[in-house]
Amino acid sequence: MSAKKIAVAGTGYVGLVTGVCLAHHGHRVTCVDVDEAKIACLKAGKSPIYEPGLTELLQQGIEAGRLQFTTDGAAAYRDAEVIFIGVGTPEREDGSANLDYVFGVVREIAASAGRDCVVVVKSTVPIGTNDEVERYLAGHRANPVKLEVASNPEFLAQGTAVRDTLHASRIVIGTEAERPRRVLEEVYADFDAPKLFTGRRSAEMIKYASNDFLALKISYINEIANLCETVGADVDEVAAGMGYDRRIGRHFLRAGIGYGGSCFPKDTKALDSFAAIRGTRLKTVAATIEVNEGQKRRLLEKARAHYKSLAGVTVAVLGLAFKPGTDDLREAPSLLCVPRLLAEGAQVRAWDPVARQNFARRLAGMQCPGCGEITYCDSIEETLTGAELCLILTEWPEVCALDPQLFAKAMRAPIVLDGRNCFAPKAVRDSGAKLLYESIGRAPVDTREKA
Ligand code: UDX
């Protein structure tokens with residue numbers, strides 16, 4: 001492998017993990033970010049995000065002298081052979097992708113690149129953006145250098161980002177010329193993953209089509225789950241039965257209160273909006289979004305079936321993060337459910353092993369007159385104590401490992417609404433705990449003593 005001099009713009013999930021993994025495979029990498037505090041933290045060998053395995057590789061890279069961090073983009077881009085762009089493309093009000101950060105970096109590259117270089121767009125961008133980036137660079141470069149553009153979308157999931165990068169399901173390389181293709185082949189020579197060479201627009205589309213298909217699969221199983229509830233079928237059994245068919249596959253068929261996170265909500269809306277601007281309606285993607293919005297409200301609907309009003313009801317909330325293993329709250333169902341509970345006057349007791357501080361920050365300022373109060377608890381038992389209703393919003397291992405008896409012991413006349421199907425209904429029944437347990441797409445278990 002020929003080691004390359006690489007700059008990576010952006011030290012979020014995508015940029016940082018990419019930079020650290022490229023350094024791990026022997027390249028000389030400089031990661032760039034405008035956030036001075038973040039860069040100072042990274043220089044000290046600390047990762048600003050929680051991601052298994054990342055800190056170890058980060059420290060190894062720094063010690064080996066292959067990994068550097070800077071806020072000086074111009075200096076990093078000046079003599080880089082390859083520049084990866086891994087900055088965010090957040091959602092605009094209308095659902096479209098905001099490309100301001102991407103083009104901010106592109107402008108800086110145009111102004112500073114001092115040698116022939118391949119600019120690799122890793123950020124998720126609408127189809128055609130890579131072409132636009134190449135046109136901009138050709139028209140605005142300050143020095144007479146050749147700046148070619150390649151699309152190299154990212155498929156990592158939070159919580160498994162390092163593994164997903166070092167052993168990716170596939171590395172998609174979208175190019176329109178021979179040199180960028182060859183350079184990226186060299187960059188990824190030591191990565192253990194199938195490499196797929198496509199055109200740039202196909203590469204951009206592969207990213208959206210993959211994420212939106214996974215989101216569609218989740219919305220599909222959630223709709224089937226809702227129907228299972230009304231016809232007496234069990235969605236876990238249904239999903240397991242479907243999964244045996246290799247054409248369907250068993251992954252991403254977990255029913256629940258909908259998907260959140262930094263990608264699925266944003267990427268479904270971005271493709272929907274992108275298609276609409278081009279006069280096409282993506283009906284399946286629009287339906288995916290609509291079903292997910294409804295699904296996030298599912299536990300509140302279930303709660304309302306038991307209470308005329310939630311005013312004064314003490315509600316235990318287990319899990320705030322959009323999924324276990326992360327403190328990320330982006331588009332988490334908790335951000336919809338908890339403010340709603342408080343607005344209706346419920347007293348909320350909340351637990352999450354890592355997302356609690358982020359949640360408290362997001363909630364600050366949402367408080368209103370007549371709203372209930374929220375208390376953050378250190379343990380699950382403390383959270384449940386004195387509550388009469390429990391909502392499970394994230395399938396943290398600590399929650400899944402609970403003995404259902406704890407609900408009966410700690411709560412008053414417990415009603416447990418499980419939005420992540422953490423417990424098998426049979427296990428709840430067999431535990432002998434006296435409670436009402438409802439989940440998504442499965443029959444309720446009611447073992448309460450009848451008055
Ligand atoms: C996702 C994709 O997996 C990844 O390939 C892409 O690059 C970025 O988006 P991430 O958002 O980190 O990754 O999490 P993921 O584990 O995919 O879960 C996303 C959401 O879907 C979570 O809220 C999760 O609870 C939900 N989900 C997932 C389900 O509700 N059911 C499932 O079967 C799977």
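As the structure is a computational prediction, the values presented were derived from the model and not from experiment.

Undergrad: Now, about the site of the ligand: what can you tell me, with residues and values included?
TA: Among the 18 residues in the neighbourhood of the ligand, the closest are listed as Phe-155, Leu-156, Gln-158, Arg-254 and Gly-260. Separating an oxygen atom of the ligand from a backbone N or O atom of Gln-158 is a distance of 2.7 Å. At 2.9 Å, a backbone N or O of Gly-260 approaches an oxygen atom of the ligand. Across the complex, the protein chains shield 93% of the 660 Å² of accessible surface that the ligand would expose by itself. Within the shell around the ligand, the residues separate by chemical class into 10 nonpolar, 3 polar and 5 charged.

Undergrad: Which residues make up the packing of aromatic side chains, and what values go with them?
TA: In this structure the tally under the stated criterion is 6 aromatic pairs. Their ring planes at 85° and their centres at 5.9 Å tell us that Phe-407 and Phe-423 sit as a pair that is edge-to-face. Separated by 16 residues along the polypeptide, Phe-407 in helix 18 (residues 405-410) and Phe-423 in the loop between strand 13 (415-418) and helix 19 (425-430) bring together distant segments of the chain. Note on accessibility: Phe-407 and Phe-423 belong to one class, buried. Seen in terms of ring centroids, Phe-423 and Tyr-437 are 6.0 Å apart; in terms of plane orientation they differ by 80°. Their pairing is edge-to-face. Of this pair, Phe-423 sits in the loop between strand 13 and helix 19 while Tyr-437 sits in strand 14 (residues 436-438); the two residues are 14 residues apart in sequence, bridging distant segments of the chain. Tyr-437 matches Phe-423 in its accessibility class, with the two residues each being buried. Positioned above the aromatic ring of Phe-155 is the side chain of Arg-170, whose terminal nitrogen or guanidinium carbon lies 3.6 Å from the ring centre. Just above the ring of Phe-197 sits the side chain of Arg-181; from NZ or CZ to the centre is 4.0 Å.

Undergrad: Can you break down the sheet that holds strand 13 residue by residue, with the values?
TA: With mixed pairing, the 7 strands of this open sheet are ordered in space as 11-10-9-12-13-14-15. Either end of the sheet is taken by a strand with one partner, and the two such strands are strand 11 (374-376) and strand 15 (445-446).

Undergrad: Which residues make up the packing of helix 9 (residues 200-231) against helix 12 (residues 283-296), and what values go with them?
TA: Between helix 9 and helix 12, the shortest axis-to-axis distance is 9 Å and the interhelical angle comes to 55°. One way to sum up the angle between helix 9 and helix 12 is to call them oblique. Between helix 9 and helix 12 lies a crossing whose hand is left-handed. Residues Asp-212, Ala-215, Leu-216, Ser-219, Asn-222, Glu-223 and Asn-226 of helix 9 form the contact with helix 12, whose own contacting residues are Thr-284, Val-285, Thr-288, Val-291, Asn-292 and Gln-295. Residue composition of the contact of helix 9 with helix 12, by class: 4 nonpolar, 7 polar and 2 charged.

Undergrad: Describe the domain arrangement of the protein chain, with residues and values.
TA: With domains assigned, the protein chain is organised as domain 1 (5-198), domain 2 (207-294) and domain 3 (296-446). Computed from C-alpha atoms alone, the centre-to-centre distance between domain 1 and domain 3 is 39 Å. With 6 residues of domain 1 in contact, the opposing surface of domain 3 contributes 7 residues. Summed over both partners, the interface of domain 1 with domain 3 comes to about 450 Å²; 37% of that surface belongs to carbon and sulfur atoms. Joining domain 1 to domain 3, the criterion identifies 3 residue pairs in polar contact (both at pLDDT 80 or more). Of the residues assigned to the side of domain 1 that touches domain 3, the class counts are 3 nonpolar, 2 polar and 1 charged.

Calculation notes
- Residues numbered from 1 in each chain as written.
- Predicted model: local features only at pLDDT ≥ 70, side-chain atom pairs only at ≥ 80, totals over all residues.
- Heavy atoms only, no water.
- Near = heavy atom within 4 Å.
- Polar contact = N/O pair within 3.5 Å; in protein donor to acceptor, adjacent residues only side chain to side chain.
- Areas by Shrake-Rupley, 256 points an atom, 1.4 Å probe, with all protein chains shown as cover.
- Nonpolar A, V, L, I, M, F, W, Y, C, P; charged D, E, K, R; others polar.
- Phe/Tyr/Trp six-rings, centres within 6.5 Å; stacked < 30°, edge-to-face > 60°.
- Helix = DSSP H or I, 4+ residues; strand = E, 2+ residues; numbered from the N terminus.
- Buried < 20%, exposed > 50% of the residue type's maximum accessible area, 1.4 Å probe, protein only.
- Lys NZ or Arg CZ within 6 Å of the ring centre and 35° of its normal.
- Pairing = 2+ DSSP bridges.
- Axes fitted to C-alpha atoms, helices over the stretch in contact; angles between N-to-C directions.
- Parallel < 35°, antiparallel > 145°, perpendicular 65-115°, else oblique.
- Left-handed = near helix turned anticlockwise from the far one by under 90°.
- Contact = heavy atoms within 4.5 Å.
- Domains from an automatic or database assignment.
- Buried area = accessible area lost by both parts, 1.4 Å probe.

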